[in-house]
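Structure at a glance
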2 protein chains.
Amino acid sequence: MDRSVQQSEKLSAQSLRDLGSTAFERLGVPLDDARLCTDLLVMADLFGLKTHGMSRLESYGERLRIGGIKSKPMIQIERVANAVIKVNGDNGLGPVVGMRTLHATMGVAREHGVGIGLARGSNHFGPISPYLYEAAQSGFACLVCSNATTTIAPWGGSDARLGNNPIGFGAPGPQGNHFMLDMAISVAARAKIRAALRDGMAIPSTWATDEQGLPTTDPAKALDGFLQPMGGYKGYGLALMVDLLAGVMSDASYLTHVKSWVDAPEEPQNLGHFFLLIDTKVLGPSGWLLERMKDFVQILHASEPADATRPVLVPGEIELSRMRERLRDGIDVDAALLKLLR
Amino acid sequence: MDRSVQQSEKLSAQSLRDLGSTAFERLGVPLDDARLCTDLLVMADLFGLKTHGMSRLESYGERLRIGGIKSKPMIQIERVANAVIKVNGDNGLGPVVGMRTLHATMGVAREHGVGIGLARGSNHFGPISPYLYEAAQSGFACLVCSNATTTIAPWGGSDARLGNNPIGFGAPGPQGNHFMLDMAISVAARAKIRAALRDGMAIPSTWATDEQGLPTTDPAKALDGFLQPMGGYKGYGLALMVDLLAGVMSDASYLTHVKSWVDAPEEPQNLGHFFLLIDTKVLGPSGWLLERMKDFVQILHASEPADATRPVLVPGEIELSRMRERLRDGIDVDAALLKLLR
C-alpha cells in the first residue's frame, strides 16, 4: 500500500484491528489489553461513531506516552457481595477497564440473574454502544454509565461542576437487531461545537452558554463556557444520577474532583463507570423476550412518519445498519490516522 | 369539625392517613393494603406532590367501584433467579403492587447486594419519590420506573405510541437528606396543560403537538394531540428504555398494548414497574458513602447562582423541606377531597 496517499482508505475491520492492536502494543500495552481496546474502538468505527473510534489512538497514545494513563495497570476485581463487584482500574486505558468490568459483571449476572459492576481508577472508556452490543449478543440487558470531565453547570448555577455524563441501555433483539441507546446528557456534544468553530458556523442558542452562563450562538464563546443539559433541570438530575452511580458509589472521582484530560493530561482522572447486567433468559421461556422485542419495534415502525422520507427509527438501528455495510465494504480511515497507525 | 366548611383544612399526616385508610377499606380494600396505599399517597402530599397524593382517591376509588382495579388481588411474588423477582400484581392498586415489589426487592438486595423486581398486572403506582425515600431510609440506592398510557409519539412519528414513562433514582444522604430524582419524560406534564386549559392560558410550543403532530400553543389542541419528550430523540430513547425494563421485560403490557384508564376505566391496564435496589452498605465502610454524599451536595450548592435569589438545588431538597414543614404544620386538604374522605 502506498503510504503517501493523502485521502482516506477503506480497510477491513480485521486489518484495522491488527494495525490498532500493534500500535497500542508499541505504546507498551500488553497484547491482550491492546486487543480489548482495539476491538472496542473498531466496533465504534463499524457503528459510524468516528469521533469515538480508532481516532482516539491519538489522545490515548499521548496520555500513555506521558504517563497520564498506565500501559500495564494491575486491574483488581473484588466481589463485595454475591452480585456486586468493585473494580480498581489502576489508571489503565478506559476501554480495558470498561471491558474487564463488563465481562466480570456478566459472570456475576449469569450466576444470580443480575449483577452490578462499579469501576474506579479509569479513563475515557469509549462510546457505550460496543458494551451494549457485546452484552446483548450474550443475552444480557445492560445499563451502562460513566462520569466525565466537568462541562455542565448545575441547574441555576454559573460554573461547570458536572460532566456530560453518558448513559446507555441495551437489550437483545431478534437476529442481532439489538436495542442500543447511547446518549450524553447535553443537548449537543462539544465535538459539534468544535466542528462549528472550525467551519465558521453559528450554533443554536440552546446548546451552550458563555462563561458568564448566558446562552450564546458563538462556538468560541461556547467552548469557554459550558454545555446545556437536555430538558433543563431534568437533564441536570440525570447527569447527577449517573455521577452518583458511576462516581460516588464506585469510589471514583466525581463532579469537580474529576481531572480534565485536556488541562492535566499527565494526571490520573480516576473516572468511574457503572454496569448493570440482567440475564434475560431468567425472565421467561426461550424466545419469549425476542418475540416481544420484535413486536415492540414493529409497533414503533408502524407510526406514520411526520416526514414521509424519514421513517420512525429505534435506537441502535442506524449503528447496526452501518456495521453491516462496513463489514461488507470496509471502514473509511483518514490518511492522518493511517499514518499514525503505521 | 364542621363538615360544611368549603375551604381547605390543615390535617396532620396521621389524621389524613386514618381517613384515607378507612376510605380505601370502605372500597373493599383489606386493611393492610389500604394502609400501604394511603401511606404512599400521604407521603406524596407531604412532599407537596398534590396531584399524586390523596387526591387520587377519586380516580382509584372510581376504578375500584367499577371493577377496573381489584380490591382484593392475589399478588404473587416469584423468585426467578437468586437476585431477580417477578411480581404478578393481579390488577391490584398500583401503590400496593409497587410497595410490595419494593419490599420484596429490598429483601433480595439485602442478601445479594443488589436485586431487581419486575412487576406486571399493575396500575398507576403513585409518584416515585415515596419509593425512593423508603429505600433510602433503609440504606438502599434505588432506580424505579414504570410505563404508562400512551401520550407521546415515536420520534419522527405522528401518533401516540409510548407513555410519559416516569423514572426515578434515589440514594441515601446524611441526616435523611436523600437524593431523590423523580421525573417523567415529557417536557411538561399533561396536568400542566389541563391547568392551562382551565385557566384559559396558552402553552409554550415546545410542550406538545396537535393531533397532526404539529407544535401548538392551544392547550385544548394539545390535549387532543401528544406530549413532546424532553431532548427530542434522547427523551424518546429514555422513554423506550423505561418501557423495555418496566413493560417488555416484566411481562406487562407495553407501548400501545397499555389500556387507557380514561378511555377504558373498567379494563385492567396491566402496567409494569421496574425496581433496582442496591444495598449501599456493601460498597464501603460505615459512614463512607454519607461523607461522599455530603461533599457531592456541597460542591453543587457552592456554584454561584445565575439568579442570586435562586440558589442551586439538588433533586429531593424541595420535597424534603416541604415534608418537614407539613409534618410540623399539617397538610392542606381541599374541601372536596375532605368530603370524599369523610
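This text goes with the structure placed above it.
The sections below set out a description of the structure shown in this document. Within each chain, residue numbers correspond to sequence positions counted from 1 in written order. The naming scheme follows written order: chains are lettered A onward, ligands numbered 1 onward. The predicted nature of this model means local features are confined to residues of pLDDT at least 70 and side-chain atom pairs, given and counted, to a pLDDT of 80 or more, with totals for whole chains, interfaces and linings taken over all residues. Excluding hydrogens and water, the side-chain values take into account all heavy atoms of the structure.

**Some details on the overall build of chain A**
For the purposes of this entry, the term helix denotes a DSSP run of H or I that reaches at least four residues, the term strand denotes a run of E that reaches at least two, and both are numbered from the N terminus. Within chain A, the regular secondary structure consists of 11 helices and 13 strands. The quantity called the radius of gyration is restricted to C-alpha atoms. Its globule counterpart is 2.2 Å times the number of residues to the power 0.38. Against the compact-globule benchmark of 20 Å for 342 residues, chain A has a radius of gyration of 20 Å, which places it among compact chains. Projecting the C-alpha coordinates of chain A onto the three principal axes gives extents of approximately 55 × 50 × 45 Å. Buried residues are those whose accessible area, probed at 1.4 Å on protein chains only, stays under 20% of the maximum for their type, while exposed residues exceed 50% and partly exposed ones sit between those limits. Taken over 342 residues, chain A has a buried fraction of 57%. Should any heavy atoms of two residues lie within 4.5 Å, those residues are considered in contact. Restricting to contacts in chain A with at least 6 residues of sequence separation, those with at least 24 account for 65%. All accessible areas in this document rest on Shrake-Rupley with a 1.4 Å probe, and a residue is counted as covered only by the protein chains that are shown. As displayed, chain A offers around 13600 Å² of accessible surface, 50% of which is attributable to carbon and sulfur atoms. Positive: Lys, Arg. Negative: Asp, Glu. His and the chain ends are not part of the count. Lysine's charge is taken at NZ, arginine's at CZ, aspartate's at CG and glutamate's at CD. Positive and negative side-chain charges in chain A, numbering 34 and 37 respectively, have mean positions lying 2 Å apart.

**Re the pairing of strand E5 (residues 140-146) of chain A**
Residues and elements named next belong to chain A. Counting buried residues along E5, 7 of its 7 residues qualify, which places the element largely inside the surrounding structure. Going residue by residue along E5, you find Phe140, Cys142, Val144 and Ser146 tucked away on one face and Ala141, Leu143 and Cys145 tucked away on the opposite face as well. Note on pairing: DSSP must find at least two bridges between two strands before they are called paired. Here E5 runs beside strand E12 (residues 271-279); their pairing, made up of 7 bridges, is antiparallel. If you follow Ala141 over to E12, its bridge partner there is Ile278. In this structure, E5 lies alongside strand E8 (residues 167-171), joined through 4 bridges in antiparallel fashion. In the sheet register, Val144 faces E8, and the bridge partner there is Gly168.

**Structural notes on the packing of helix H2 (residues 31-46) of chain A against helix H4 (residues 94-112) of chain A**
Residue and element names in this part refer to chain A. Under this scheme, a helix contributes an axis fitted over its contacting stretch, all axes are lines through C-alpha atoms, and angles between N-to-C directions fall in the 0 to 180 degree range. For the pair H2 and H4, interaxial distance at closest approach is 9 Å and the crossing angle is 90°. Classified by the angle their axes make, H2 and H4 are roughly perpendicular. Between H2, through Asp32, Asp33, Leu36, Cys37 and Leu40, and H4, the contact on the second element is made entirely by Pro95, Val96, Met99, Arg100 and His103. Grouping the amino acids of the contact of H2 with H4 by side-chain chemistry returns 6 nonpolar, 1 polar and 3 charged. Under this scheme an angle from 65 to 115 degrees is roughly perpendicular, one under 35 degrees roughly parallel, and one over 145 degrees roughly antiparallel; angles in between are oblique. Polarity classes work like this: nonpolar for Ala, Val, Leu, Ile, Met, Phe, Trp, Tyr, Cys and Pro, charged for Asp, Glu, Lys and Arg, and polar for all others, with Gly in that last group.

**Some thoughts on the packing of helix H2 (residues 31-46) of chain B against helix H5 (residues 129-137) of chain B**
Residues and elements named next belong to chain B. At a minimum axis separation of 9 Å, H2 and H5 run at an interaxial angle of 100°. Considering their axes alone, H2 and H5 lie roughly perpendicular with respect to each other. Where H2 abuts H5, its residues Leu40, Met43 and Ala44 lie against Pro130, Tyr131 and Tyr133.

**Comments concerning the sheet that holds E5(A)**
All names here are of chain A. If you trace the 7 strands from one edge of the open sheet to the other, you get E2-E3-E4-E12-E5-E8-E9, paired in mixed fashion. At either margin of the open sheet sits one strand with a lone partner, and together these are strand E2 (76-81) and strand E9 (179-183). Strand-to-strand, the axes of this sheet are offset by a mean angle of 15°, without reference to chain direction. Where H4 meets the sheet, it contacts E2, strand E3 (84-88), strand E4 (114-122), E5 and E12, and its direction lies at approximately 160° from that of E4. Of the strands in this sheet, E4, E5, E8 and E12 are in contact with helix H8 (residues 233-248), which crosses E5 at around 100°.

**Some points on the sheet that holds strand E12 (residues 271-279) of chain B**
Residue and element names in this part refer to chain B. Taking strand neighbours across the sheet as the criterion, the 7 strands line up as E2-E3-E4-E12-E5-E8-E9 in an open arrangement whose pairing is mixed. Two strands lie at the open edges of the sheet, namely strand E2 (76-81) and strand E9 (179-183), each paired on one side alone. Across the sheet, the axes of successive neighbouring strands diverge by a mean angle of 15°, strand direction being ignored. Two elements, strand E8 (residues 167-171) and E9, share 5 bridges in a ladder whose sense is antiparallel.

**Here we look at the nonpolar core**
Counting residues in each nonpolar core, the largest one holds 116 residues, and the members touching the most others are A:Phe274, A:Ile278, B:Phe274 and B:Ile278. With residues near it in sequence (within four places) discarded, B:Ile278 still touches A:Ile116, A:Leu245, A:Met249, A:Phe274, B:Gly113, B:Val114, B:Gly139, B:Phe140, B:Ala141 and B:Leu283. Within the second largest apolar cluster, 48 residues are counted, among which are B:Phe24, B:Leu49, B:Leu132 and B:Leu337. Each nonpolar core is a collection of buried residues, namely Ala, Val, Leu, Ile, Met, Phe, Trp, Tyr and Cys, held together in the definition by side-chain atoms within 4.5 Å.

**Looking at the relation of the copies chain B and chain A**
The atoms used to superpose the copies are C-alpha atoms, taken from residues with pLDDT of at least 70 in both, and the fit is least squares. Of the transformation placing chain B onto chain A, the axial shift is 0.0 Å and the rotation is 180°, giving an RMSD of 0.0 Å. Here the symmetry operator amounts to a two-fold rotation axis. The rotation axis passes nearest to the C-alpha of B:Gly231 in chain B, at a distance of 2.8 Å. Looking at the interface residues of chain B, 100% of them are also at the interface in chain A, so both copies use one shared face.

**Remarks on the pairing of strand E3 (residues 84-88) of chain B**
All names here are of chain B. Among the 5 residues of E3, 4 are classified as buried, and the element is accordingly described as predominantly covered. Relative to E3, E2 runs antiparallel, the two being bridged by 5 bridges. Bridging across to E3, Ala81 finds its partner in Val84. Linkage of E2 to E3, two consecutive antiparallel strands, is achieved through a turn of 2 residues. The sheet contact formed by E3 and strand E4 (residues 114-122) spans 5 bridges and is parallel. Note that in E4 the partner of Asn88 across the bridge is Arg120. Look down the strands so they point away from you; if the path from the first strand over the helix to the second goes clockwise, the crossover is right-handed. The handedness of the E3 to E4 crossover, carried by helix H4 (residues 94-112), is right-handed.

**A look at the interface of chain B and chain A**
Taken together, the 73 residues of chain B in the interface contact 73 residues of chain A. With both chains or domains summed, chain B and chain A bury close to 6000 Å², and 70% of this area falls on carbon and sulfur atoms. The salt bridge criterion pairs a side-chain nitrogen of Lys or Arg with a carboxyl oxygen of Asp or Glu, the two atoms within 4 Å. The interface formed by chain B and chain A contains 2 salt bridges. A:Arg292 serves as the salt-bridge partner of B:Asp251, at 3.2 Å between the closest nitrogen and oxygen. For the purposes of these results, a polar contact is taken to be a pair of N or O atoms within 3.5 Å, where, inside protein, one atom must be able to donate a hydrogen and its partner to accept one; residues adjacent in sequence count only when each atom of the pair is a side-chain atom. Put simply, chain B and chain A have 34 residue pairs in polar contact (both at pLDDT 80 or more) between them. Here the element with the most residues in the side of chain B that touches chain A is helix H8 (residues 233-248) of chain B; it accounts for 11 residues. Tallied by class, residues from the side of chain B that touches chain A come to 49 nonpolar, 13 polar and 11 charged. Buried area adds together the accessible area that both of two parts lose upon being put together, with accessible area traced by a 1.4 Å probe.

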